[in-house]
Amino acid sequence: MNKKEDIKKIKNRIKLLAKLINEHNIHYHQNDKPIISDREFDKLIIENSLLEKKYPNLKLKKGPNANVGGKLKNKFKKIKHKSPMLSLANAFDSKDIEDFDERVKKYLNIELEKKLDYICEPKIDGLSLNLTYRDGVLISAATRGDGLIGEDVTQNILNIKNIPKKLKGKFPNYIEIRGEVFLTKKDFQNINSKLDNKNKFANPRNAAAGSLRQLDVNISKSRPLQFLAHGIGYSSYEFSYFDEYYENLEIWGIKKNKINLKASNMNLIFEFYNSISETRSNLDYDIDGLVIKLNNISNQRRLGNVGKNPRWAIALKFSAEKAQTIIEDIDFQVGRTGSITPVARLQSINLGGVIISNATLHNFDEIKKKNIQIGDKVEIQRAGDVIPQVIKVIKKANKVNKLINPPKKCPICGSKTYKEQNEAVLRCINTYGCYAQKISQIIHFVSKKGLNIDGFGEKQVKQFYYLKFIKDVSDIFILKNLKLKIQNLDGWGELSFNNLINSIENSKNIDLDKFIYSLGIRFIGEVNSAILAKEFKNIQNFILASKKTDVLSNIDGLGPKAIKAIKDFFSYNQNIALLEKLSRHLNINENKIENINNFFNGKNLVFTGSLINISRDEAKYLAKKVGAKILSTVSKTTDYVIIGEKAGSKSKKAKELNINTLTEDEFLKKINS
């Protein structure tokens, strides 16, 4: 057979594959009656993709990767969730659960002896998904993303059998149904068996995420993904209890986890947790803990959230997985805030389905305390997404190695190191000159919780920094001027460059709290960023108030360390200049007030004494939602003092300064008007 005949044969094979894939898609997705197995269908997809890659000139215009259902996309379209998708705070023992229950009761102003119903179920180790139904019809499916905006994977989930395209029975006009997409252990093994060693997935969760987020829709459709519902977002119908919502899920045709418990006794909940922990290896899917959530949905709404975590739910994680390995070397990493962290380089080991080759040693005091040296056999542990850590030395090295002493100079820039009083962490003093800190600051700025620039991770940041394409975060927004230079780099091309620039452009519209977080100010995480955004409303107000200690110290919820860090950040003129440059590139959305017409919008409030109907925490939360500022002390700038029972000196001072006072009932009447 000559070359011409070979090409003809390949062309015919590509045509046949296109026809077969299209036919089986119809059998599977339109008729719900597949006539071949998922494995056989996957083989057709893989063969077609390989031939198209090897012979791009023979690729059909209307082939599997060219039609609407299987079109290869450069990126996923973004979808804004109507209600934020929050992430759970973690608990690790029975004491944590008792503390959680106590916090809930205190916030709701309920006696600690009173029992509250909780719904408990296994925490599936998968990928969170938000399904939106309008008039019972599925209109979109989106990943969690940053909690506010996710990726549109609607086309990628159409083969998941337990996600109905239309709900049954009676349903709300509009509802967001939250759940987990996952792969069974058996299906995970089948998928990995088809992949070479380089492309194998480390664990079922990675395989599920990789399958769901395929740019080639046909590959997603060929993977046996499953879905179980576990939550609710916005709903046009207000459910009273979570178990009521779960009963409706069954009627609508959506599956929830059959393993669940409704209980009000903390001991029963922990017994249920232990039972699941002991039998989880028998389950057909991976779980990493127990989710505990308040059953009363109206109380859930009252509790609200702290940062990205709901106050009404928590994840009780399983004990950390442990393993033993050898420390081959120890080196130092310099972080965004100058912290110098010793890191153990390990003999690679598989721990919980993840290959571990590095583990943190925390600080030099820990090294001394545990007597850790290179060559030691050590026990390491990894709990959830936490960075692996060295727990203890199992066996000392055969030969005596030198002690790991704290460096007197930064291992990166050579500047002096220092340790603050009452701190265990050693830091580099060269805050704005150490390139390791600069790089870490840029990585933090572009991260998912910051500007969330797709395709711009640690690897790309370091590459562009070393090539002097970027010196600080503002240079990111002029990378479009370096098109030819970037396109000619290894691993880059016109398509990847355009994708990056599009991601950068999309990131320019950012909420104030996320922007404050992205600046990387020490002690200013998501919670403090939200507090500052609510307090100052826009970035200009934040800058103006940053040097006024009295203003910052009077912000409810902001601690002394955070206040000092803000003052330090703005004491450097280059940071002010950087903000001015960024303001020319970004559209920073002002903090939104839920009820701008409320009586307390823009008012300064002080609370004193014990409240009866609601807790003080809830009263502050309600006031902040409508735009009020909560002050810790009474002064001439105070507009109202809300007085509860057994009010102290603040009530007396309000009278002295002739400041308006309100009772708890008067406050509640005005806050709800």
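Everything here concerns the structure above.
Since this is a predicted model, take the numbers as computed values, not measurements.

Time to look at the sheet that holds strand β2 (residues 90–91). Judged by pairing direction, the sheet is mixed, and its 5 strands sit side by side in the order β2-β13-β10-β3-β9 without closing on themselves. Of all the strands in the sheet, the pair left with one neighbour each is β2 and β9 (261–263). Contacts from helix α3 (residues 94–107) reach β2, β3 (118–124), β10 (287–294) and β13 (313–317) within the one sheet, and its direction differs from that of β13 by about 175 degrees.

Before going further, it helps to spend a moment on the environment of Lys-646. When you line up the elements, Lys-646 lands in the loop between β25 (640–643) and α22 (649–656). In the structure, Lys-646 is positioned 37 residues away from Gly-609 in sequence and 5.2 Å away in space, judged by C-alpha atoms.

Ranked by internal contacts, the top residues of the largest apolar core, which has 52 residues, are Phe-456, Phe-464, Ile-476 and Leu-479. Mapped by element, the contributors of at least two residues to this core are α11 (435–446), α12 (458–466), α14 (494–507), α15 (512–518), α16 (526–536), α17 (539–545), α19 (560–570) and α20 (573–585). Other than its neighbours up to four places away in sequence, Phe-456 contacts Val-446, Val-461, Phe-464, Ile-470, Ile-476, Leu-479 and Leu-500. Core analysis: the next-biggest nonpolar cluster, separate from the first, contains 37 residues, Tyr-133, Ala-141, Ile-160 and Phe-242 among them.

This next bit is on the pairing of β10. Counting buried residues in β10 gives 8 out of 8 residues, a clear majority hidden from the surface. Two elements, β3 and β10, share 6 bridges in a ladder whose sense is antiparallel. Bridged to Ile-119 within β10 is Lys-293. In this structure, β10 lies alongside β13, joined through 5 bridges in antiparallel fashion. Note that in β13 the partner of Lys-293 across the bridge is Ala-313.

The backbone of Asn-109 sits at a positive phi, close to 60 degrees, despite the residue not being glycine. Within the fold, Asn-109 resides in the loop between α3 and β3. Positive phi values are uncommon outside glycine, yet His-362 reaches one of about 70 degrees. Looking at where His-362 falls in the secondary structure, it is placed in the loop between β16 (354–360) and α10 (364–370). A relative accessible area of 35% means that His-362 is categorised as partly exposed.

Looking now at helix α21 (residues 616–625). Restricting attention to buried positions, one finds in α21 the residues Glu-618, Ala-619, Lys-620, Tyr-621 and Ala-623. Looking at the buried side of α21, the elements it contacts are α3, α9 (297–303), β11 (305–306), β23 (604–608), β24 (629–630) and α23 (664–671). The positive-phi residue at the C-terminal boundary of α21 is Gly-627, with phi of around 100 degrees.

Let us look at a nonpolar patch on the surface. A surface patch of nonpolar side chains, about 290 Å² in accessible area, is lined by Ile-412, Tyr-435 and Tyr-466. Tracing the sequence through the fold places Tyr-466 in helix α12.

Buried within α12 are the following residues: Val-461, Phe-464 and Tyr-465. All buried residues of α12 project into a common sector of 100 degrees when viewed along the axis, lining one side. Along α12, the residues that are exposed and aim more than 90 degrees away from the buried face are Lys-459 and Tyr-466. Contact partners of the buried residues in α12: α11, α13 (483–487) and α14. One or two positions beyond α12, positive phi appears at Lys-468, with a value near 65 degrees.

Right, let's talk about the pairing of strand β17 (residues 377–382) for a bit. The element β17 is extensively covered by neighbouring structure, given that 5 of its 6 residues are classed as buried. Relative to β17, strand β14 (residues 321–334) runs antiparallel, the two sharing 6 bridges. Bridge assignment links Glu-321 to a residue of β17, and that residue is Arg-382. Pairing of β17 with strand β18 (residues 389–395), which is carried by 5 bridges, proceeds in the antiparallel orientation.

For the structure shown, the criterion picks out 29 aromatic pairs. Each ring, one from Tyr-237 and one from Phe-239, has its centre 4.9 Å from the other, and the planes form 80 degrees; the classification is edge-to-face. In this structure Tyr-237 comes out as partly exposed when scored by relative accessible area, which is 44%. Owing to a relative accessible area of 4%, Phe-239 belongs among the buried residues under this scheme. Here the aromatic rings of Phe-456 and Phe-464 are separated by 5.8 Å at their centres, their planes lie at 45 degrees, and the arrangement is tilted. Classification of Phe-464 by relative accessible area gives buried; the value is 0%. Here the aromatic residues Tyr-237, Phe-239, Phe-242, Tyr-245, Tyr-246 and Trp-252 are joined through ring pairs into a cluster of three or more. Directly above the aromatic system of Phe-599 lies the positively charged group of Lys-603, at a separation of 5.2 Å from the ring centroid. One Lys or Arg, Lys-670, reaches over the ring of Phe-599 and ends 4.2 Å from the middle of that ring.

The subject of this paragraph is the pattern of salt bridges. What the rule picks out here adds up to 31 salt bridges. Two residues, Glu-420 and Arg-522, come together in a salt bridge whose shortest N-O distance is 3.2 Å. One end of the pair, Glu-420, is in the loop between β19 (417–418) and β20 (426–428); the other, Arg-522, is in the loop between α15 and α16, with 102 residues separating them in the sequence. For the salt bridge of Lys-480 with Glu-505, the shortest nitrogen-to-oxygen distance reads 4.0 Å. With Lys-480 in the loop between α12 and α13 and Glu-505 in helix α14, the pair connects residues that are 25 residues apart, well separated along the chain.

Sheet architecture is open: 4 strands sit in the order β5-β4-β7-β8, paired in antiparallel fashion. Of all the strands in the sheet, just β5 (137–143) and β8 (226–235) have a single pairing partner and so form its edges. Taking the axes of each pair of neighbouring strands and ignoring which way they run, one obtains an average angle of 30 degrees across the sheet. With 8 bridges connecting them, strand β4 (residues 127–134) and strand β7 (residues 174–182) associate as antiparallel partners. Bridging from a neighbouring strand, Leu-129 pairs with Gly-179 of β7.

This part is about the state of the cysteines. Counted by the stated rule, this structure contains 0 disulfides. Looking at Cys-428, it has no disulfide partner, and the nearest cysteine sulfur is the one in Cys-413, 3.6 Å off.

A few words on the side chain of Asp-475. As for its placement among the helices and strands, Asp-475 is situated in the loop between α12 and α13. A distance of 2.7 Å separates the side chain of Asp-475 from the backbone nitrogen of Lys-471, its partner in a polar contact. Discounting chain neighbours no more than four positions away, the residues touching Asp-475 are Phe-469 and Ile-470.

What follows concerns the packing of α11 against α12. For any two helices packed against each other, one specifies the inter-axial angle together with the distance between the axes. In the contact formed by α11 and α12, the axes pass within 10 Å of each other and the chain directions differ by 135 degrees. For the element pair α11 / α12, the angle class is oblique. You can see that α11 and α12 cross each other, and the crossing is right-handed. Every residue of α12 that contacts α11 at Tyr-435, Lys-438, Ile-439, Ile-442, Ile-443 and Val-446 is listed here: Glu-458, Val-461, Lys-462, Tyr-465 and Tyr-466. Residue composition of the contact of α11 with α12, grouped by class: 8 nonpolar, no polar and 3 charged.

Conventions we followed
- Residues numbered from 1 in each chain as written.
- Predicted model: local features only at pLDDT ≥ 70, side-chain atom pairs only at ≥ 80, totals over all residues.
- Heavy atoms only, no water.
- Pairing = 2+ DSSP bridges.
- Helix = DSSP H or I, 4+ residues; strand = E, 2+ residues; numbered from the N terminus.
- Contact = heavy atoms within 4.5 Å.
- Axes fitted to C-alpha atoms, helices over the stretch in contact; angles between N-to-C directions.
- Core = buried A, V, L, I, M, F, W, Y, C linked by side-chain atoms within 4.5 Å.
- Buried < 20%, exposed > 50% of the residue type's maximum accessible area, 1.4 Å probe, protein only.
- Patch = residues over 30% accessible without salt bridge, like charges linked within 9 Å, V, L, I, M, F, W, Y side chains within 5 Å.
- Areas by Shrake-Rupley, 256 points an atom, 1.4 Å probe, with all protein chains shown as cover.
- Salt bridge = Lys/Arg side-chain N within 4 Å of Asp/Glu carboxyl O.
- Arc of directions from axis to C-beta.
- Phe/Tyr/Trp six-rings, centres within 6.5 Å; stacked < 30°, edge-to-face > 60°.
- Lys NZ or Arg CZ within 6 Å of the ring centre and 35° of its normal.
- Disulfide = S-S within 2.5 Å.
- Polar contact = N/O pair within 3.5 Å; in protein donor to acceptor, adjacent residues only side chain to side chain.
- Parallel < 35°, antiparallel > 145°, perpendicular 65-115°, else oblique.
- Left-handed = near helix turned anticlockwise from the far one by under 90°.
- Nonpolar A, V, L, I, M, F, W, Y, C, P; charged D, E, K, R; others polar.

Limitation: the analysis is restricted to geometry and does not speak to function.
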